[in-house]
Amino acid sequence: MTADVDREAIVERLRDGMARGVLSFPLTSFHGDGSLDLDGFRTHVAAQIAAGPGAVFPACGTGEFFSLDEDEYRQVVTTTVEAAAGRLPVVAGIGYGWAQAARFARIAEEAGADALLVLPHYLVAGPQEGLVAQVEQIALRTRLPLIVYQRGQVAFNTQSLRRLARVPGVIGLKDGHSDLDRLQRLTLAAPEGFLFFNGAATAEIQARAYAAVGVPAYSSAVHAFAPEIADAFFAAHRDGDDAAMDRLLRDFYIPFVELRDRQTGYAVSLVKAAARLRGRPVGPVRAPLTDPSPADLADLEKLLATGLALVPAPAASVGAAL
């Protein structure tokens with residue numbers, strides 16, 4: 001089977017998955033001493049996949065890619081591929097400069113990943129020509145399809161988007177800037193079939209706005225600890241049930257964002273803390289992230305109980321869930 005056929009197949013599998021469920025970004029499990037807890041991760045990622053997401057993205061931002069060495073990365077991606085067993089696409093994160101990203105890409109390819117999410121490169125800002133060249137260099141060094149993540153210092157204009165779409169292997173763009181004017185221009189400039197993903201922090205908050213400019217698919221950090229809540233919102237969004245979306249946004253998602261914004265790094269560490277509250281074997285975050293304060297953890301526990309009470313059966317009782 002040629003690389004082109006593989007790319008066409010993964011695009012179709014991703015498109016199908018995006019229509020069926022949220023995109024899951026599992027947490028990477030660590031022991032209390034900071035070492036990789038592969039057994040805990042295996043349990044966690046299996047539960048994530050069993051919850052029925054459209055695709056699974058290991059070793060990305062929520063999975064603390066930035067803190068993994070190459071051997072740990074290989075174990076995380078391999079374990080995810082084994083757990084998925086071909087039932088849904090596995091898209092592994094890669095990043096840093098193009099040379100290091102290419103090393104991670106080779107590991108992911110050897111581990112059996114279906115595609116790669118190119119995380120924003122390390123530290124420096126670059127002009128549009130350089131941003132495109134970064135992706136071109138990675139694409140030259142892997143057979144796997146690439147989804148490019150624009151966030152932080154990476155933001156493409158329409159001319160660059162057209163160039164990216166012509167790079168062999170580049171199949172889509174994930175957006176984390178929430179600049180809807182720019183995003184509308186990009187979706188209109190893209191060729192037919194090019195994939196777009198809503199990668200805003202707590203993407204449900206902006207799901208309707210993204211869908212209005214042609215980007216209905218989104219990643220859900222909430223799915224990592226409360227797939228019941230994430231799935232309830234996805235169903236309401238899919239069905240156009242504004243009342244249900246408003247209820248979940250008002251009583252859970254917006255308070256969660258307000259809690260997340262109390263401390264730098266809570267976009268990951270608060271999610272991991274919520275997973276621990278539900279008995280998930282994910283362990284602590286690695287430095288430079290820090291776990292939530294006792295006061296914030298108490299507020300998180302109350303909010304999680306509120307969120308679980310909003311969703312219909314068969315969600316577990318709050319006492320059992322927590």
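You'll find the structure just up there.
The shown structure was predicted, so the numbers you read here are calculated from the model rather than taken from an experiment. (Residues numbered from 1 in each chain as written. Predicted model: local features only at pLDDT ≥ 70, side-chain atom pairs only at ≥ 80, totals over all residues. Heavy atoms only, no water.)

S.K.: Describe in detail the side chain of T80, supporting the description with residues and values.
M.R.: Inspection of the secondary structure assignment puts T80 in helix α3 (residues 70-84). Here T80 is in contact with F41, V45, I49, V56, P58 and V90, once residues within four sequence places are set aside. (Helix = DSSP H or I, 4+ residues; strand = E, 2+ residues; numbered from the N terminus. Contact = heavy atoms within 4.5 Å.)

S.K.: Please provide a residue-by-residue account of the pattern of salt bridges, values included.
M.R.: Overall, the coordinates contain 20 salt bridges when judged by the stated rule. Ionic pairing is found between D181 and R185, a salt bridge with its closest N-O pair at 2.6 Å. With D181 and R185 both in helix α7 (residues 180-189) and 4 residues apart, this pair spans about one turn of that helix. We classify R185 as exposed; its relative accessible area is 51%. (Salt bridge = Lys/Arg side-chain N within 4 Å of Asp/Glu carboxyl O. Buried < 20%, exposed > 50% of the residue type's maximum accessible area, 1.4 Å probe, protein only.)

S.K.: Residue-level account of the packing of aromatic side chains, with values.
M.R.: In total, this model carries 13 aromatic pairs according to the counting rule given. Ring geometry for Y73 versus F104: centroids 4.7 Å apart, planes at 75 degrees, classification edge-to-face. Here Y73 is found in helix α3, whereas its partner F104 is found in helix α4 (residues 98-111), with 31 residues between them in sequence. A single burial state applies to Y73 and to F104, both of which are buried. (Phe/Tyr/Trp six-rings, centres within 6.5 Å; stacked < 30°, edge-to-face > 60°.)

S.K.: Explain the sheet that holds strand β1 (residues 23-24) to me, using residue names and the numbers behind them.
M.R.: The sheet built from 3 strands is open, its strands ordered β2-β1-β8 with parallel pairing. Because the sheet does not close on itself, it has two edges, and the strands there are β2 (55-56) and β8 (219-220). Pairing of β1 with β2, which is carried by 2 bridges, proceeds in the parallel orientation. Paired with S24 across the two strands is V56, which belongs to β2. (Pairing = 2+ DSSP bridges.)

S.K.: Tell me about helix α11 (residues 266-277), residues and numbers included.
M.R.: Across its 12 residues, α11 extends 15 Å between first and last C-alpha, which sits within 8% of the 16 Å expected from 1.5 Å per residue. Restricting attention to buried positions, one finds in α11 the residues Y266, V268, S269, L270, V271, K272, A273, A274, A275 and L277. G279 lies just past α11 and shows a positive phi near 80 degrees. (Expected span 1.5 Å × (residues − 1).)

S.K.: Can you lay out the nonpolar core for me, pointing to particular residues and giving the numbers?
M.R.: A general trend in soluble globular proteins is that nonpolar side chains are found buried together. Of all hydrophobic cores here, the largest spans 71 residues; its most connected members are L14, F57, Y73, I94 and L117. Of all hydrophobic cores here, the second largest spans 35 residues; its members include A203, Y218, L248 and A274. (Core = buried A, V, L, I, M, F, W, Y, C linked by side-chain atoms within 4.5 Å.)

S.K.: Please give an account of the layout of surface pockets that cites residues and values.
M.R.: Taken as a whole, the largest pocket holds about 960 Å³ of empty space. Forming the boundary of the largest pocket are 35 residues, of which G61, T62, Y149, R151 and V268 lie nearest the centre. Listing elements by their share of the lining of the largest pocket, those giving two or more residues are β8, α10 (242-260) and α11. No other element matches the 3 residues that α11 contributes to the lining of the largest pocket. When grouped by side-chain class, the residues that make up the lining of the largest pocket number 20 nonpolar, 12 polar and 3 charged. For the second largest pocket, the calculated volume is near 230 Å³. Taken together, 13 residues make up the lining of the second largest pocket; nearest its centre are M18, F196, V215, P216 and A217. Only α1 (3-20), β7 (195-198) and α9 (227-239) provide two or more residues apiece to the lining of the second largest pocket. The class makeup of the residues in the lining of the second largest pocket is 9 nonpolar, 2 polar and 2 charged. (1 Å grid on protein atoms, 1.4 Å probe; cavity = no way out; pocket = protein on both sides within 12 Å on 5 of 7 lines; lining within 4 Å. Points joined across faces, edges and corners; volume = space filled by probe spheres on them. Nonpolar A, V, L, I, M, F, W, Y, C, P; charged D, E, K, R; others polar.)

So far we have only geometry, and geometry alone does not tell us how the molecule works.
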